[in-house]
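Now for the letters of each chain:
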Amino acid sequence: MYRDDVCAVCGESLPPDHLYCREHAAVVDDLLHEVGETLPRLIGDLDRVAELLDSIAPETWDYLAEDHPDDPVWPPAPTTVLTADGADVDVDVDAEPGMVTVSVRHTLAATLRAVHSALAASGLDDMIGAARDADGAGATH
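Everything in this summary refers to the structure shown in the same document. Positions within a chain are numbered from 1, following the residues in the order the chain's sequence is written. Only residues with pLDDT of 70 or above have their local features reported here, since the model is predicted, and side-chain atom pairs are shown and tallied only from 80 upward, although totals for entire chains, interfaces and linings are computed over all residues. For the side-chain quantities, the full set of heavy atoms in the structure was used; hydrogens and water were omitted.

1. A look at the pattern of salt bridges
The line we're drawing: Within this document, salt bridges are pairs made up of a side-chain nitrogen of Lys or Arg and a carboxyl oxygen of Asp or Glu, the two lying within 4 Å of each other. Secondary structure counts use DSSP, requiring at least four H or I residues in a row for a helix and at least two E residues in a row for a strand, with both numbered from the N terminus. When a residue's accessible area, from a 1.4 Å probe over protein chains only, is under 20% of the maximum for its type it is buried; when over 50% it is exposed; and in between it is partly exposed.
The tally for this structure, following the rule as stated, stands at two salt bridges. Residue Glu51 is joined to Arg48 by a salt bridge in which the shortest nitrogen-to-oxygen separation is 2.6 Å. Highlighted residues: Glu51 and Arg48, both in helix 2 (residues 28-54), separated by three residues, approximately one helical turn. Given the relative accessible area of 46%, Glu51 is considered partly exposed. For Arg48, a relative accessible area of 42% translates into the label partly exposed.

Set out below in C-alpha coordinates:
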(Lines give C-alpha, C1' and ligand atoms only; values in the text may rest on other atoms or scores of the structure.)
Protein backbone atom coordinates (compact mmCIF):
# COMPACT_ATOMS: atom_id res chain seq x y z
CA MET A 1 0.00 0.00 0.00
CA TYR A 2 1.29 3.45 -0.88
CA ARG A 3 2.30 5.74 1.99
CA ASP A 4 3.18 9.40 1.49
CA ASP A 5 6.62 9.06 3.09
CA VAL A 6 7.95 6.43 0.67
CA CYS A 7 8.58 6.41 -3.09
CA ALA A 8 5.45 5.26 -4.96
CA VAL A 9 7.67 3.14 -7.25
CA CYS A 10 10.32 1.51 -5.05
CA GLY A 11 9.24 2.23 -1.46
CA GLU A 12 12.42 4.12 -0.50
CA SER A 13 12.02 6.74 2.25
CA LEU A 14 11.37 10.30 1.07
CA PRO A 15 11.52 13.81 2.43
CA PRO A 16 8.11 15.41 3.13
CA ASP A 17 5.96 16.41 0.15
CA HIS A 18 7.75 14.15 -2.33
CA LEU A 19 6.04 11.31 -4.23
CA TYR A 20 9.10 9.69 -5.80
CA CYS A 21 12.76 9.19 -4.96
CA ARG A 22 15.29 11.06 -7.10
CA GLU A 23 15.90 8.01 -9.29
CA HIS A 24 12.22 7.39 -10.08
CA ALA A 25 11.10 11.01 -10.39
CA ALA A 26 12.78 11.07 -13.80
CA VAL A 27 10.97 7.97 -15.13
CA VAL A 28 7.38 8.65 -14.02
CA ASP A 29 6.46 10.34 -17.31
CA ASP A 30 7.61 7.22 -19.16
CA LEU A 31 5.54 5.05 -16.81
CA LEU A 32 2.45 7.21 -17.40
CA HIS A 33 2.99 7.03 -21.15
CA GLU A 34 3.25 3.23 -20.97
CA VAL A 35 0.03 3.03 -18.94
CA GLY A 36 -1.72 5.18 -21.54
CA GLU A 37 -0.46 2.97 -24.37
CA THR A 38 -1.00 -0.42 -22.71
CA LEU A 39 -4.43 -0.16 -21.04
CA PRO A 40 -6.42 0.45 -24.25
CA ARG A 41 -4.79 -2.60 -25.88
CA LEU A 42 -5.45 -4.71 -22.80
CA ILE A 43 -9.11 -3.70 -22.63
CA GLY A 44 -9.64 -4.30 -26.34
CA ASP A 45 -7.82 -7.62 -26.27
CA LEU A 46 -9.76 -8.87 -23.23
CA ASP A 47 -13.04 -8.05 -24.93
CA ARG A 48 -11.96 -9.89 -28.10
CA VAL A 49 -10.69 -12.95 -26.16
CA ALA A 50 -14.04 -13.21 -24.34
CA GLU A 51 -15.88 -13.01 -27.67
CA LEU A 52 -13.64 -15.71 -29.17
CA LEU A 53 -14.05 -18.03 -26.17
CA ASP A 54 -17.83 -17.65 -26.31
CA SER A 55 -17.76 -18.66 -30.00
CA ILE A 56 -16.16 -22.08 -29.43
CA ALA A 57 -18.29 -25.11 -28.54
CA PRO A 58 -17.36 -26.84 -25.25
CA GLU A 59 -16.92 -30.12 -27.16
CA THR A 60 -14.08 -28.53 -29.12
CA TRP A 61 -12.17 -27.90 -25.90
CA ASP A 62 -12.86 -31.50 -24.83
CA TYR A 63 -11.39 -32.70 -28.14
CA LEU A 64 -8.24 -30.61 -27.64
CA ALA A 65 -7.89 -31.74 -24.02
CA GLU A 66 -7.90 -35.46 -24.92
CA ASP A 67 -4.23 -35.32 -25.98
CA HIS A 68 -3.12 -33.85 -22.65
CA PRO A 69 -2.41 -35.63 -19.36
CA ASP A 70 -5.35 -35.73 -16.94
CA ASP A 71 -7.76 -34.53 -19.69
CA PRO A 72 -8.00 -30.94 -18.33
CA VAL A 73 -11.21 -28.93 -18.41
CA TRP A 74 -10.79 -26.04 -20.84
CA PRO A 75 -11.22 -23.15 -20.90
CA PRO A 76 -10.25 -22.96 -17.23
CA ALA A 77 -12.50 -21.37 -14.62
CA PRO A 78 -9.90 -19.52 -12.54
CA THR A 79 -10.69 -18.49 -8.98
CA THR A 80 -10.14 -14.77 -8.60
CA VAL A 81 -9.56 -13.58 -5.05
CA LEU A 82 -10.00 -9.93 -4.09
CA THR A 83 -9.81 -8.78 -0.50
CA ALA A 84 -11.95 -5.73 0.23
CA ASP A 85 -13.45 -3.84 3.12
CA GLY A 86 -17.06 -4.88 3.74
CA ALA A 87 -18.22 -1.37 2.83
CA ASP A 88 -16.74 -1.86 -0.65
CA VAL A 89 -18.74 -5.02 -1.41
CA ASP A 90 -22.38 -5.24 -2.52
CA VAL A 91 -24.12 -8.59 -2.93
CA ASP A 92 -27.35 -8.75 -4.91
CA VAL A 93 -29.33 -11.94 -5.43
CA ASP A 94 -30.35 -12.11 -9.09
CA ALA A 95 -33.82 -13.08 -10.30
CA GLU A 96 -32.39 -16.34 -11.66
CA PRO A 97 -32.33 -18.99 -8.91
CA GLY A 98 -28.87 -19.81 -7.59
CA MET A 99 -27.21 -16.77 -9.16
CA VAL A 100 -25.63 -13.92 -7.20
CA THR A 101 -24.08 -10.66 -8.40
CA VAL A 102 -21.15 -9.37 -6.36
CA SER A 103 -19.91 -5.82 -6.93
CA VAL A 104 -16.50 -5.00 -5.48
CA ARG A 105 -15.01 -1.51 -5.52
CA HIS A 106 -11.28 -2.03 -5.73
CA THR A 107 -8.18 -0.40 -7.16
CA LEU A 108 -7.47 -1.18 -10.80
CA ALA A 109 -3.96 -2.43 -9.94
CA ALA A 110 -5.27 -4.86 -7.29
CA THR A 111 -7.97 -6.13 -9.65
CA LEU A 112 -5.51 -6.69 -12.50
CA ARG A 113 -3.06 -8.46 -10.16
CA ALA A 114 -5.85 -10.74 -8.89
CA VAL A 115 -6.96 -11.65 -12.42
CA HIS A 116 -3.36 -12.23 -13.52
CA SER A 117 -2.70 -14.45 -10.52
CA ALA A 118 -5.88 -16.44 -11.12
CA LEU A 119 -5.08 -16.97 -14.79
CA ALA A 120 -1.46 -17.94 -14.08
CA ALA A 121 -2.61 -20.63 -11.62
CA SER A 122 -5.36 -22.00 -13.87
CA GLY A 123 -3.43 -24.03 -16.43
CA LEU A 124 -4.15 -21.44 -19.10
CA ASP A 125 -0.70 -21.91 -20.68
CA ASP A 126 -1.55 -25.51 -21.63
CA MET A 127 -4.84 -24.43 -23.17
CA ILE A 128 -3.06 -21.67 -25.12
CA GLY A 129 -0.57 -24.18 -26.49
CA ALA A 130 -3.32 -26.61 -27.49
CA ALA A 131 -5.27 -23.83 -29.21
CA ARG A 132 -2.17 -22.68 -31.13
CA ASP A 133 -1.46 -26.27 -32.25
CA ALA A 134 -5.06 -26.86 -33.36
CA ASP A 135 -4.57 -25.23 -36.75
CA GLY A 136 -5.54 -27.92 -39.25
CA ALA A 137 -6.22 -30.46 -36.49
CA GLY A 138 -9.85 -31.01 -37.44
CA ALA A 139 -11.10 -29.73 -34.09
CA THR A 140 -14.33 -28.56 -35.68
CA HIS A 141 -15.77 -32.11 -36.07
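2. Observations concerning the pairing of strand 1 (residues 89-93)
Note the cut-off: By the convention used here, strands pair only if DSSP detects at least 2 bridges between them.
Taken together, the five bridges between strand 1 and strand 2 (residues 100-104) define a ladder with antiparallel strand orientation. Residue pairing in the sheet places Val91 in a bridge with Val102 of strand 2.

Read these as geometric descriptors, not functional statements.
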